[in-house]
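Letter by letter, the chains look like this.
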Amino acid sequence: MSNAAPPGARIDEVFAAVLARAPEAVAVSDGDREVGYAELWEEAGRVAAVLAEQGVAPGGAVGLRVQRGWRVVAGILGIWRHGSGFVPIDPRYPSVRQEYILRDAGLRRLVTEDAAGELVIEEVESGVPAAEVPADLAYVIHTSGSTGDPKGVPIRHTQVLALLAGCAESYDTGPSDVWSFFHSHSFDFSVWEIWGALLSGGRVVVVPQEAATDPAVFAAFLADRGVTMLSQVPSVFGHLVRALEAEPRALPALRHVVFGGEAVNPQVLLRWYELGVAPEARLFNMYGITEITVHATVKRLTPQELRSPSVGTPIGRALPHLRIALLEDGRPVPPGLPGEIHISGAAVADGYLGRPELTAQRFVHLPELDGGGPWYRSGDYAVERPDGEYEFLGRRDDQVKIRGFRIELGEIEAVLAEQQQVREGAVVVAGSVQGEPMLVACFVPAGGADPGEAAGMAAELGAGLAERLPKHLVPGRFVPVRELPLTFSGKLDRSALARRIAQENG
């Protein structure tokens, strides 16, 4: 794992130092293509040169719309070498979502791929002024927003480097390690996967789409590529465990499995240990949020820990570059009582892109706590154990996490309400047939249609939402109802709605 970088260093500068030690070492494996550190640097230099030739001034934001592969890494590094930060746009996103991100960041240039798969720079016209970003911007990742629009989180180079240095005490990784590149570059787990590997001299292996969607193929991929460092969302890891139970496959190279994005299932992890396919692998749970730069805490999950009684998901202690405080009504709570997670330290973002009011609400100064600020109000709740470690309890608002994606239910509901077939609607989380969390949209049909007659609208509504929202935000079920249940105060009763869905599933 990377050691502490000099104050004010940039990620591309640290990469250049790693490159100087082993220029011919393989940096990225993508199918049959192996890209060395020197070749990656050269391709990044070409991207940087074209941006400069087109008159793009350093210090702003440049879009990156590239399929997952080695060119994602080259594009990121090229934008950094130019002196700008990147704004990821997953090409699988609906066009409406892509255009929103372009406008929100006020982008003028977009690094993308031509028909031959080569990186090219396109000029774009977002129609709005370029957003103000930090001079040392590394990236802007857009997270789900309760108003129906995603919100951008600018992260600086120093904040990413603080993350990697903070993880050095937990992971003894280096040039011999092979890290999986599983997640979209629009999901900040990928920042950890890519730069945790490359800034420690290791290798990144790109997980092909077939392996990412077929757990049996993924198991074979991990074995064949000798992956040593695997990052996974717990529910996706559960599919891998089931595939290995059906067809065991030895993974002797695997040393670390890092979970993040949602609560772990202890029973699934105990089944993994019982399989014994990776005897050298250590399992870790890392709680984190985009606004504090990927990871905030770390906890090793041994079989003994997984069998111990708990009130929530064990997430361990804060990484050394961060501090955690649990507050209720602005005051610290004693151990054993739930409180909202507040985080401060070297990797906490400066705020949201172009949203000063939201920034003021979520990035707060707490003079009564040592260490100054800002402190990020996560909206997540936890409890401190007697040993000083934390257990994650969940949220008290309408935000959920499914497969690692942070989802504001209000964002989906805003788009659902725009559909002509819907008079009113709400989205809840319910268990699927496989027992995993799934988004379910409940709607009162427009025009007084009977719910029984509206049952056939599901495909049409799903298509309508898919035109506006990424795949992970489109509900898996659409359920027509006569009315939405309300609490005594007149608010939507999500709990009652979720119970109704659960009873129907039962």
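Residues numbered from 1 in each chain as written. Predicted model: local features only at pLDDT ≥ 70, side-chain atom pairs only at ≥ 80, totals over all residues. Heavy atoms only, no water.

Novice: Quick one: what's the story with the overall build of the protein, residue by residue and with numbers?
Specialist: Helix and strand counts for the protein stand at 15 helices and 26 strands. Its C-alpha atoms give the protein a radius of gyration of 23 Å, near enough to 23 Å, the size a compact globule of 506 residues would have. The principal-axis extents of the C-alpha atoms in the protein amount to approximately 65 × 55 × 55 Å. For the protein, with 506 residues in total, the buried portion stands at 57%. Contacts in the protein between residues at least 24 apart in sequence constitute 67% of all its contacts with a sequence separation of at least 6. In the form shown here, the protein has an accessible surface area of approximately 20,700 Å², with 51% of it arising from carbon and sulfur atoms. (Helix = DSSP H or I, 4+ residues; strand = E, 2+ residues; numbered from the N terminus. Rg over C-alpha atoms; globule rule 2.2 N^0.38 Å. Buried < 20%, exposed > 50% of the residue type's maximum accessible area, 1.4 Å probe, protein only. Contact = heavy atoms within 4.5 Å. Areas by Shrake-Rupley, 256 points an atom, 1.4 Å probe, with all protein chains shown as cover.)

Novice: A description of the layout of surface pockets should follow, citing residues and the corresponding values.
Specialist: In this structure, the largest pocket encloses a volume near 1,100 Å³. For the lining of the largest pocket, the elements supplying multiple residues, two or more each, are α7 (209–213), α8 (215–225), α9 (234–246), β23 (405–408) and β25 (437–445). What the second largest pocket holds in volume is close to 820 Å³. Around the second largest pocket, the lining is made up of 37 residues, and of these E262, A263, V264, K401 and P437 lie nearest the centre. Among the elements of the structure, α9, α10 (266–275), β15 (313–318), β20 (375–384), β21 (390–395) and β22 (399–402) are those that each provide at least two residues to the lining of the second largest pocket. Grouping the constituent residues of the lining of the second largest pocket by class yields 15 nonpolar, 14 polar and eight charged. (1 Å grid on protein atoms, 1.4 Å probe; cavity = no way out; pocket = protein on both sides within 12 Å on 5 of 7 lines; lining within 4 Å. Points joined across faces, edges and corners; volume = space filled by probe spheres on them. Nonpolar A, V, L, I, M, F, W, Y, C, P; charged D, E, K, R; others polar.)

Novice: Break down empty space enclosed by the protein for me, citing the residues and quoting the values.
Specialist: One pass over the structure, following the stated rule, counts three cavities of 30 Å³ or more. Here the largest cavity defines a volume of roughly 300 Å³. Lining of the largest cavity is provided by 25 residues; of these, F187, D188, T290, G404 and R406 occupy positions nearest its centre. Broken down by secondary-structure element, the contributors of at least two residues to the lining of the largest cavity are β7 (137–143) and β23. Here the lining of the largest cavity gets three residues from one element, more than from any other, and that element is β7. Taken as a whole, the second largest cavity encloses approximately 40 Å³ of empty space. Tallied by class, the residues present in the lining of the second largest cavity amount to four nonpolar, two polar and no charged.

Novice: Residue-level account of the sheet that holds β25, with values.
Specialist: Pairing is mixed in the open sheet, where three strands are placed in the order β24-β25-β26. Two strands lie at the open edges of the sheet, namely β24 (422–431) and β26 (477–480), each paired on one side alone. Strand-to-strand twist of the sheet, defined as the mean angle between neighbouring strand axes without regard to direction, takes the value 25°. Note: β25 against β26, four bridges, orientation parallel. (Pairing = 2+ DSSP bridges. Axes fitted to C-alpha atoms, helices over the stretch in contact; angles between N-to-C directions.)

Novice: Give me the lowdown on the nonpolar core, citing residues and values where you can.
Specialist: By size, the foremost hydrophobic cluster in this structure holds 114 residues, and its most contacted members are L40, W192, W195, L198, W272 and I343. Ranked by residues supplied to this core, first place goes to helix α3 (residues 70–82) with eight residues. Discounting chain neighbours no more than four positions away, the residues touching L40 are F15, A27, V28, V35, W70, V73, A74, L77 and L198. (Core = buried A, V, L, I, M, F, W, Y, C linked by side-chain atoms within 4.5 Å.)

Novice: A description of the pattern of salt bridges should follow, citing residues and the corresponding values.
Specialist: Scanning all chains against the criterion turns up 25 salt bridges. For R423, the salt bridge is made with E424, and the minimal N-O distance between the two is 3.7 Å. Taking the relative accessible area as the measure of exposure, E424 reaches 34% and is therefore partly exposed. The structure contains a network of salt bridges with shared partners spanning K299, E305, R317, R385, D387, E389 and E391. (Salt bridge = Lys/Arg side-chain N within 4 Å of Asp/Glu carboxyl O.)

Novice: Lay out the packing of aromatic side chains with the relevant residues and their values.
Specialist: According to the stated counting rule, one finds 17 aromatic pairs in the structure shown. Both rings, one in W80 and one in F86, keep their centres 5.9 Å apart while their planes meet at 55°; by these two values the pair is tilted. Side by side, W80 and F86 carry an identical accessibility label, which is buried. Between Y352 and F363, the ring centres sit 5.5 Å apart and the planes meet at 75°, which makes this aromatic pair edge-to-face. (Phe/Tyr/Trp six-rings, centres within 6.5 Å; stacked < 30°, edge-to-face > 60°.)

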